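# What the coordinates show
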Amino acid sequence: MKAIEIRNKYLKFFEEHGHKVIPSSPLIPENDPSVLFTTAGMQPLVPYLLGEKHPEGKRLTDYQKCLRTVDIDEVGDNRHLTFFEMMGNWSLGDYFKEEAISMSFEFLTKHLNISVDKLYVTCFAGDEDCAKDELAASCWEKAGLPKDHIYFFGKDNNWWIAGEEGPCGPDTEMFLDTGKEPCSEHCDPSCDCGKYVEIWNNVFMEFYKHKDGSYTKLSQQNVDTGLGLERMAMLLQGKKTPYEIEIFAPIMEKLQQLAKIEDIQSRRIVAEHLRSSMMIIADGGIPSNTDRGYILRRLIRRMTRHLNKLQIDLNELPNLINLNIDVLKNMYPELEQNREKIAQILVAEKDKFMKTLVNGEREFEKVIHRLQNENKTVVDGSIMFKLYETYGFPPEITSDLAKEQGFTVDSKEFDKLFKEHQEKSRLGSEQKFKGGLAEQNEITIAYHTATHLLHQALHIVLGEHATQNGSNITTERLRFDFNHPAKMTKEEIQKVEDIVNEQIKKDLPVTCEEMTLEEAKKSGATGLFENKYGDKVKVYSIGDFSKEICGGPHVTHTGVLGTFKIKKEESSSAGVRRIKAVLIK
Ligand code: SER
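Presented here is a report on the structure given in the accompanying data block. This one's a predicted model, so the numbers in the text were calculated from it and none came from an experiment.

### Side note on the pattern of salt bridges
Within this structure, the stated rule accounts for 41 salt bridges. Between Asp127 and Lys155 there is a salt bridge whose closest N-O contact spans 2.7 Å. With a gap of 28 residues between them, Asp127 in the loop between strand S4 (119-124) and helix H4 (134-143) and Lys155 in helix H5 (residues 155-158) connect regions that are remote in the sequence. Its relative accessible area of 28% is what places Asp127 among the partly exposed residues. Classification of Lys155 by relative accessible area gives partly exposed; the value is 23%. In this structure, the salt-bridge partner of Glu569 is Arg577, at a minimum N-O distance of 2.7 Å. Of the two residues, Glu569 and Arg577, neither departs from the other in class, the shared state being buried. Among the ionic contacts, a cluster of salt bridges with common partners joins Asp263, Arg302, Arg305, Lys309, Glu361, Asp400 and Glu404.

See the structure below:
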């Protein structure tokens, strides 16, 4: 079964079970300062897991584009991917364990025709925070799974949370027995020898983990499930790696034809990173030296290096891009819509990087010879840093090359040197990437409402062109990027501040209405009109002052916001200005 058929079956099955199909959110999350990319299906739905009402109801199903870069260095092996698609079904305070498990069982055994003999599950074993999940286990048995196919494990295996803080809960994970020999007498689904492959996860999200490590119950019991599409396609097609399924096979084949040397790892890296970069660019990403732009840059550079290593003529890149778009456009029409932009950005970035690559590799060879002569096995951080500083040679490429020559790298020392010398720390942004989901508390909610006031005030003072370009909220401040060609004058800044504070003083009510996207447009609401929240959207009004399409949540009255103060107005990029502002209580 092809991936797209699995996707369609999944959505149809859950639609028939009362779920509304919602579209994938973009890979680049909005209003979420703590992650660079959407890393799980639940991420765009966090407000609704915490109790916000979703305009499409309490039962949703979707496919979500996800990107995880924590394992980026593993790509090239037979299983790790950075970009993947996660199918999900969601109960937002509606059904819970029994129905979730019975639907999962039915879908796997009746619709994907997976035999019960091959199906294994794990449930939460219980600890001081939460009791053993006997209910989940009994639901599996009731559904038809033999008792000896049910295992119990602790938080390490059967508890799901994104990052350190946020909605979470015990989960039950489903595994397929690949038929491989057990690696030992203790081999079970928690073992990663490859005998048991995880195929689906049902998280029973009823807790919130706080920063201090404590747990409280959420206002509702949710179900969050995630099924990795590429992996499922691979298993159902009887393939050993995702690179053999129809998503990757054509590009892998093409790379083999073009390559002058045999290196399957490099071919996989090129195929994988090409797909991820294309998906990021289609969702608005641009290579840069910070945050998500740097992740994109890293993916493109690594792909370029491996193309080069395979001795493939780099002028083939546009052909490879076109081939990939043709293969993937049924699943992701946004690729076709952005065909030109994708090629432009990828080719320009590749060209820029090639010079650095050639000079850096030459220098690296010299260094490695010297170290070999000295019988060393470690490339120390100062060498990595010198290559970086003098030749602009990226540390991750030094590290890749070193590993290929049997060396290890002292990246800790590199990090230290790097931090000392760079103000804009890329590694800092990687750190940030590893963080949890956006916190949602009284302070960030207040900043969210203040952002709407600021947006409208900018429209009044600067004009209708001053539309949102980006937004980022922490408990310390709000940051708002908007389109405007010139630096704001002192007077303009003062005016914006005054207007916002006036609305706060008026203690305007904040109200929410649900309507179709068409109705929202007609009502004059601002906001991004892309198919973000399905057909129905929420429109938040602040008195008569502002009206925006938004997922929420917001304060109920502006009076609680305190005093609004703009701390900084600066350039963000060409034609885009950035404001940082605080609320003082
Ligand atoms: N949130 C869970 C995961 O990412 C299930 O969707 O695995």
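### Structural notes on the packing of helix H7 (residues 249-258) against helix H8 (residues 264-282)
Taken N-terminus to C-terminus, the directions of H7 and H8 make an angle of 130°; their axes are 10 Å apart at the nearest point. Between H7 and H8, the angle is such that the two are oblique. The two elements H7 and H8 meet at a crossing, and its hand is right-handed. Contacts between H7 and H8 involve Ile251, Met252, Leu255 and Gln256 from the first element and Ile264, Arg267, Arg268, Val270, Ala271 and Leu274 from the second. Taken together, the residues of the contact of H7 with H8 break down into seven nonpolar, one polar and two charged.

### Some words on the site of the ligand
Around the ligand, the neighbouring residues are Ala40, Met42, Arg68, Met86, Trp160, Asn201, Val203, Asp224, Thr225 and Gly226. Between the ligand and Trp160 there is a distance of 3.3 Å, counted from an oxygen atom to a side-chain nitrogen or oxygen. One of the backbone nitrogen or oxygen atoms of Thr225 is found 3.2 Å away from an oxygen atom of the ligand. For the ligand, whose accessible area on its own is 230 Å², the fraction buried by protein is 94%. A breakdown of the residues in the shell around the ligand according to their chemical character gives five nonpolar, three polar and two charged.

### Here we look at the environment of Ser104
Here Ser104 is to be found in helix H3 (residues 97-111). Note: C-alpha distance between Ser104 and Leu346 (242 residues apart in sequence) is 40 Å. What Ser104 contacts, discounting residues up to four positions off in sequence, is Trp140, Met174, Trp200 and Asn202.

Criteria and cut-off values
- Residues numbered from 1 in each chain as written.
- Predicted model: local features only at pLDDT ≥ 70, side-chain atom pairs only at ≥ 80, totals over all residues.
- Heavy atoms only, no water.
- Salt bridge = Lys/Arg side-chain N within 4 Å of Asp/Glu carboxyl O.
- Helix = DSSP H or I, 4+ residues; strand = E, 2+ residues; numbered from the N terminus.
- Buried < 20%, exposed > 50% of the residue type's maximum accessible area, 1.4 Å probe, protein only.
- Axes fitted to C-alpha atoms, helices over the stretch in contact; angles between N-to-C directions.
- Parallel < 35°, antiparallel > 145°, perpendicular 65-115°, else oblique.
- Left-handed = near helix turned anticlockwise from the far one by under 90°.
- Contact = heavy atoms within 4.5 Å.
- Nonpolar A, V, L, I, M, F, W, Y, C, P; charged D, E, K, R; others polar.
- Near = heavy atom within 4 Å.
- Polar contact = N/O pair within 3.5 Å; in protein donor to acceptor, adjacent residues only side chain to side chain.
- Areas by Shrake-Rupley, 256 points an atom, 1.4 Å probe, with all protein chains shown as cover.

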